[in-house]
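Working through the structure, step by step
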Amino acid sequence: MSLVLDSAAQDLLFREARTANSFTDEPVTEEQVQAIYDLVKYGPTAFNQTPLRIVLVRSDEARERLVAHMAEGNRAKTASAPLVAILAADNEFHEELPKLLPHFPQAKDMFFSERPARESAAGLNAALQAAYFIVGIRAAGLAAGPMTGYDAAGVHKEFLDGDHTPLMVVNIGKPAEDASFPRSPRLSYDEVVSTV
């Protein structure tokens, strides 16, 4: 193999990992989430921007409010997951660029002074960070159930402010037995990669 990562780690992160639809009742601790974030925060983004914001839904009251906005097919699994995270893009991420990009602090005003440019950059880079977060969940020995089937306007109103755009809701925990569907097909290398 041409990969440095050993086969067991490859399986954990990709080949054997699945989207989970049900979980055990084992809790997901604050320490686990902190370790996941402390790992995945190093994933690359444009201008080192960090637009991803994570709202951990832990209280019963908040869970009920969230479940009310989930698509019918996502309600039961969101209600029963050990932890649920709302992932959002912060459209005012540029305010942190002088700290995150100290060698080029003028990038804040040079590239992101207009709201449409910020929203576009925030959406793309927060989505990258969301993908890193899902891989980080797998690295912690947990499973993720990312979902976009929800009322985005309702989730936005209940949990976010005007500067944040919801991206997805992710159920997190130890997968229950038969928590996932069988692996669906993937496109082959030759179907995806071309050389010019």
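Attention in this report is confined to the structure presented alongside it. (Residues numbered from 1 in each chain as written. Predicted model: local features only at pLDDT ≥ 70, side-chain atom pairs only at ≥ 80, totals over all residues. Heavy atoms only, no water.)

**A look at the overall build of the chain**
When helices and strands are counted, the chain shows 9 helices and 4 strands. Ordered by position in the sequence, the α and β elements of the chain form the string α-α-β-α-α-β-α-α-α-β-α-β-α. The C-alpha radius of gyration of the chain comes to 18 Å, within 12% of the 16 Å expected for a compact globule of 196 residues. Taken over the C-alpha atoms alone, the chain extends approximately 50 × 50 × 35 Å along its principal axes. (Helix = DSSP H or I, 4+ residues; strand = E, 2+ residues; numbered from the N terminus. Rg over C-alpha atoms; globule rule 2.2 N^0.38 Å.)

**Thoughts on helix α7 (residues 115-139)**
Here α7 contains 25 residues, and its C-alpha end-to-end distance of 35 Å stays within 8% of the 36 Å for a straight helix at 1.5 Å per residue. Just beyond α7, the residue with positive phi is Gly-141, at close to 80°. (Expected span 1.5 Å × (residues − 1).)

**Structural notes on the sheet that holds strand β1 (residues 52-57)**
Strand order across the open sheet formed by 4 strands is β1-β2-β4-β3, with antiparallel pairing between neighbours. Of all strands in the sheet, those bounded by a partner on one side alone are β1 and β3 (143-147). Strand-to-strand, the axes of this sheet are offset by a mean angle of 30°, without reference to chain direction. Note that strand β2 (residues 83-90) and strand β4 (residues 164-173) share 8 bridges and pair antiparallel. In the strand pairing of β4, Ala-88 is matched with Pro-166. Each of β1, β2 and β4 touches helix α3 (residues 60-67); the most contacted strand, β2, lies at about 65° to it. (Pairing = 2+ DSSP bridges. Axes fitted to C-alpha atoms, helices over the stretch in contact; angles between N-to-C directions. Contact = heavy atoms within 4.5 Å.)

**A look at a nonpolar patch on the surface**
A cluster of nonpolar side chains, namely Leu-187, Tyr-189, Val-192 and Val-193, defines an oily patch on the protein surface of about 440 Å² accessible area. Note on placement: Val-192 falls in helix α9 (residues 189-192). A residue is classified by how much of its surface remains accessible, and Val-192, at 55% relative accessible area, is exposed. (Patch = residues over 30% accessible without salt bridge, like charges linked within 9 Å, V, L, I, M, F, W, Y side chains within 5 Å. Areas by Shrake-Rupley, 256 points an atom, 1.4 Å probe, with all protein chains shown as cover. Salt bridge = Lys/Arg side-chain N within 4 Å of Asp/Glu carboxyl O. Buried < 20%, exposed > 50% of the residue type's maximum accessible area, 1.4 Å probe, protein only.)

**Digging into helix α8 (residues 152-159)**
Among the residues making up α8, those that are buried are Gly-154, Val-155 and Phe-159. In an axial view of α8, the angular spread of the buried residues amounts to 100°, which keeps them on one side of the axis. Exposed side chains of α8 directed beyond 90 degrees from the buried face belong to Ala-153 and Lys-157. Against α3, β2 and β4 lie the buried residues of α8. (Arc of directions from axis to C-beta.)

**Observations regarding the side chain of Gln-10**
By the secondary structure assignment, Gln-10 is in helix α1 (residues 7-15). Here Leu-5 takes part through its backbone oxygen, which lies 2.4 Å from a polar atom of the side chain of Gln-10. (Polar contact = N/O pair within 3.5 Å; in protein donor to acceptor, adjacent residues only side chain to side chain.)

**A closer look at the environment of Lys-99**
Here Lys-99 shows up in helix α5 (residues 97-100). For the pair Lys-99 and Glu-61, spaced 38 residues apart in the sequence, the C-alpha separation amounts to 36 Å.

**Focus on the packing of α1 against α7**
Running from N to C, α1 and α7 cross one another at 130°; their axes reach a closest spacing of 9 Å. Taken together, the axis directions place α1 and α7 in an arrangement best described as oblique. Here α1 runs over α7; the crossing is right-handed. Residues Leu-12, Leu-13 and Phe-14 of α1 touch α7, and the partners they reach there are Val-135, Arg-138 and Ala-139. Along the lines of polarity and charge, the residues of the contact of α1 with α7 split into 5 nonpolar, no polar and 1 charged. (Parallel < 35°, antiparallel > 145°, perpendicular 65-115°, else oblique. Left-handed = near helix turned anticlockwise from the far one by under 90°. Nonpolar A, V, L, I, M, F, W, Y, C, P; charged D, E, K, R; others polar.)

**Here we look at the packing of aromatic side chains**
Under the definition given, this model contains 6 aromatic pairs. Ring geometry for Phe-47 versus Phe-111: centroids 5.0 Å apart, planes at 40°, classification tilted. Taken together, the residues Phe-47 in the loop between α2 (30-40) and β1 and Phe-111 in helix α6 (residues 107-112) connect sequence positions 64 residues apart. With 5.1 Å between their ring centres and 70° between their planes, Phe-93 and Phe-112 make a pair best called edge-to-face. Residue Phe-93 is located in the loop between β2 and α5, and its partner Phe-112 is located in helix α6; the two are separated by 19 residues in the primary sequence. (Phe/Tyr/Trp six-rings, centres within 6.5 Å; stacked < 30°, edge-to-face > 60°.)

Keep in mind these values describe shape, not function.
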